[in-house]
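Chain residues, written in single-letter form:
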Amino acid sequence: MSNPAIPAAAELILPAPAKLNLMLHILGRRADGYHELQTLFQFLDFADELGFALRTDGQIRLHTPIEGVPHDSNLIVRAARLLQMHAGCTLGADIWLDKRLPMGGGIGGGSSDAATTLLGLKHLWHLDCSEDQLATLGLSLGADVPVFVRGHAAFAEGVGEKLQPVTLSEPWFLVAIPQVLVSTAEIFSDPELTRDTPPIKVRSLLEGGGRNDCQPVVQKRYSEVRNALILLNKFVPTRLTGTGACVFGSFPNQDDADKVARQLPATLPSFIAQGRNISMLHRKLEKLVEK
Ligand SMILES: C[C@@](CO)(OP(=O)(O)O)[C@H](O)COP(=O)(O)OP(=O)(O)OC[C@H]1O[C@@H](n2ccc(N)nc2=O)[C@H](O)[C@@H]1O
Ligand SMILES: Nc1ncnc2c1ncn2[C@@H]1O[C@H](COP(=O)(O)OP(=O)(O)O)[C@@H](O)[C@H]1O
């Protein structure tokens, strides 16, 4: 199906889905300042969309700027240039982004855009590089990029790069979007953040178990997040994803999620999407390969 936000010139249109951190424990801080974590990633069927067209002059042009993000700093452009350099590829690309995921929301939009760019351009440029290579390249762009490259729900350790695929139930999520941008770096540098949660084994982690260690710090600093947690908790157990700002609750079906969404005030936008173990991107890529 075509997307009116992406011109017909695009030869390849791919989704860049959101993720949730169903739990997020912080175990410690490494010498380089990064934090050792344990987190459970699941994808949502809610996504940005990217269009790609081949250029033969080697240039990378993103035609849909994001306000406040310079062209060359956009993770899409950085991912494209990194792949070009790594593969010694002389081809370029025109790229269009239909941004639907709230930014700075802890649902991984920028990282997912980067992963979709790596996989999309591998396809467009007919590159012979492995998923392992793309995940390693992705990690240099952000801790969350590898899970989007792999496309399978996962228990993650290290700084988020040691991934163990898991199969979870696939409930419907109501995700509320407090109207505030939370900086990941700011939360990780907060002196009040606890960094001593003991490691747990994935098999001992019951679905819905664990917690988000960032939540106390984020809700203390941002009243918008605090209020959203209070409000949504009246209907369903609610938790922060990543370093926020989004908060979520799960439901057995879409109707139940809809009923709660309708009761939220207009000042707290939200969306509903199903949690998925295989990302939308990988489901679409599989279909392309089958053709
Ligand atoms: C916390 C998580 C959980 O999924 O998600 P978000 O809330 O950002 O989506 C991620 O680990 C974020 O991953 P990502 O957004 O790719 O982070 P990066 O760009 O690599 O790092 C941003 C900043 O966060 C801090 N950081 C990030 C990851 C980590 N394990 N330890 C850290 O201390 C560092 O200060 C770094 O400069
Ligand atoms: N393609 C992109 N999409 C979103 N954000 C981007 C992108 N490229 C760079 N950024 C920068 O990354 C920051 C974090 O974005 P995002 O991934 O949406 O948040 P989070 O990591 O909290 O889920 C943004 O505020 C923006 O400055």
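What counts, and at which threshold
- Residues numbered from 1 in each chain as written.
- Chains lettered and ligands numbered in written order.
- Predicted model: local features only at pLDDT ≥ 70, side-chain atom pairs only at ≥ 80, totals over all residues.
- Heavy atoms only, no water.
- UniProt positions renumbered as here; feature names shortened; annotations may be inferred.
- Buried < 20%, exposed > 50% of the residue type's maximum accessible area, 1.4 Å probe, protein only.
- Helix = DSSP H or I, 4+ residues; strand = E, 2+ residues; numbered from the N terminus.
- Pairing = 2+ DSSP bridges.
- Near = heavy atom within 4 Å.
- Polar contact = N/O pair within 3.5 Å; in protein donor to acceptor, adjacent residues only side chain to side chain.
- Areas by Shrake-Rupley, 256 points an atom, 1.4 Å probe, with all protein chains shown as cover.
- Contact = heavy atoms within 4.5 Å.
- Domains from an automatic or database assignment.
- Buried area = accessible area lost by both parts, 1.4 Å probe.
- Arc of directions from axis to C-beta.

In the nomenclature of an unreviewed UniProt entry, the chain is known as 4-diphosphocytidyl-2-C-methyl-D-erythritol kinase of Pseudomonas leptonychotis. We quote the UniProt Pathway (unreviewed entry) comment for the chain here in full: "Isoprenoid biosynthesis; isopentenyl diphosphate biosynthesis via DXP pathway; isopentenyl diphosphate from 1-deoxy-D-xylulose 5-phosphate: step 3/6."

**Q** I tried to follow the pairing of strand β7 (residues 172-176) on my own but got confused; where do I start?
**A** In the case of a regular strand, side chains alternate between the two sheet surfaces. In terms of residue burial, β7 counts as a mostly covered element, since four of its five residues are buried. Here β7 pairs with strand β9 (residues 247-251) via five bridges, running antiparallel. By the bridge assignment, phenylalanine 173 is partnered in β9 with serine 250. Looking at chain direction, β7 and strand β10 (residues 270-276) are connected through five bridges and run antiparallel. Pairing of phenylalanine 173 across the sheet is with alanine 273, part of β10.

**Q** Got a minute to help me understand the site of ligand 2 in this structure?
**A** Near ligand 2 there are 16 residues, and of these Asn74, Leu75, Gly106, Gly108 and Gly110 occur at the shortest range. Between ligand 2 and leucine 75, the relevant distance is 3.0 Å, taken from a nitrogen atom to a main-chain nitrogen or oxygen of the residue. With respect to ligand 2, the backbone of glycine 108 contributes an N or O atom lying 2.7 Å from an oxygen atom. Contact with the protein chains removes 79% of the 550 Å² of surface that ligand 2 exposes when unbound. Those elements that place two or more of their residues in the shell around ligand 2 are α1 (75-87) and α2 (109-124). The element contributing the most residues to the shell around ligand 2 is α2, with three residues.

**Q** Sorry, what's going on with the UniProt feature "binding site: ATP" (unreviewed entry) in the chain here?
**A** In this structure's numbering, the residues bearing the UniProt feature "binding site: ATP" (unreviewed entry) are Pro102, Met103, Gly104, Gly105, Gly106, Ile107, Gly108, Gly109, Gly110, Ser111 and Ser112. Position of methionine 103 relative to the elements: it lies in the loop between β4 (92-98) and α2. Dropping the residues within four chain positions of it, methionine 103 is found in contact with Ile66, Val69 and Leu181. Beyond its immediate chain neighbours, meaning those up to four positions away, serine 112 contacts Ala16, Pro17 and Phe148.

**Q** How should the environment of glycine 160 be read in this particular structure?
**A** Among the structural elements, glycine 160 can be located in the loop between β5 (154-157) and β6 (162-165). Along the primary structure glycine 160 and alanine 143 are separated by 17 residues, whereas in three dimensions their C-alpha atoms are 5.7 Å apart. Apart from the residues within four sequence positions on either side, glycine 160 is in contact with Leu37, Phe41 and Ala143.

**Q** Whenever I open this one, the domain arrangement of the chain confuses me. Can you help?
**A** For an interface, size is often stated in terms of accessible area lost upon the parts coming together. The assigned domain composition of the chain is domain 1 (12-166) and domain 2 (172-276). Each of domain 1 and domain 2 was reduced to a C-alpha centroid, and the two centroids are 22 Å apart. Carbon and sulfur atoms make up 64% of the area that domain 1 and domain 2 hide from each other, which totals about 2700 Å². Taken as a group, Leu24, His25 and Ile26 account for 21% of the area that domain 1 buries against domain 2, more than any other trio of residues on that side.

**Q** What's the story with the environment of leucine 121 in this structure? I'm lost.
**A** Tracing the chain through its elements places leucine 121 in helix α2. In this structure the C-alpha to C-alpha distance between leucine 121 and arginine 81, which are 40 residues apart in sequence, comes to 10 Å. Residues in contact with leucine 121, not counting those within four places in the same chain, are Phe52, Ala80, Leu83, Ala93, His126 and Leu127.

**Q** What exactly am I supposed to notice about helix α7 (residues 223-233) here?
**A** Two residues of an α-helix separated by three or four positions point the same way, owing to the 3.6 residues in each turn. Listed in full, the buried residues belonging to α7 are Val225, Ala228, Leu229 and Leu232. The arc enclosing the buried residues of α7, seen along the axis, measures out at 100°, which places them on a common side. Where the residues of α7 are buried, they touch β7, α6 (215-221), β8 (239-240), β9 and α8 (254-261).

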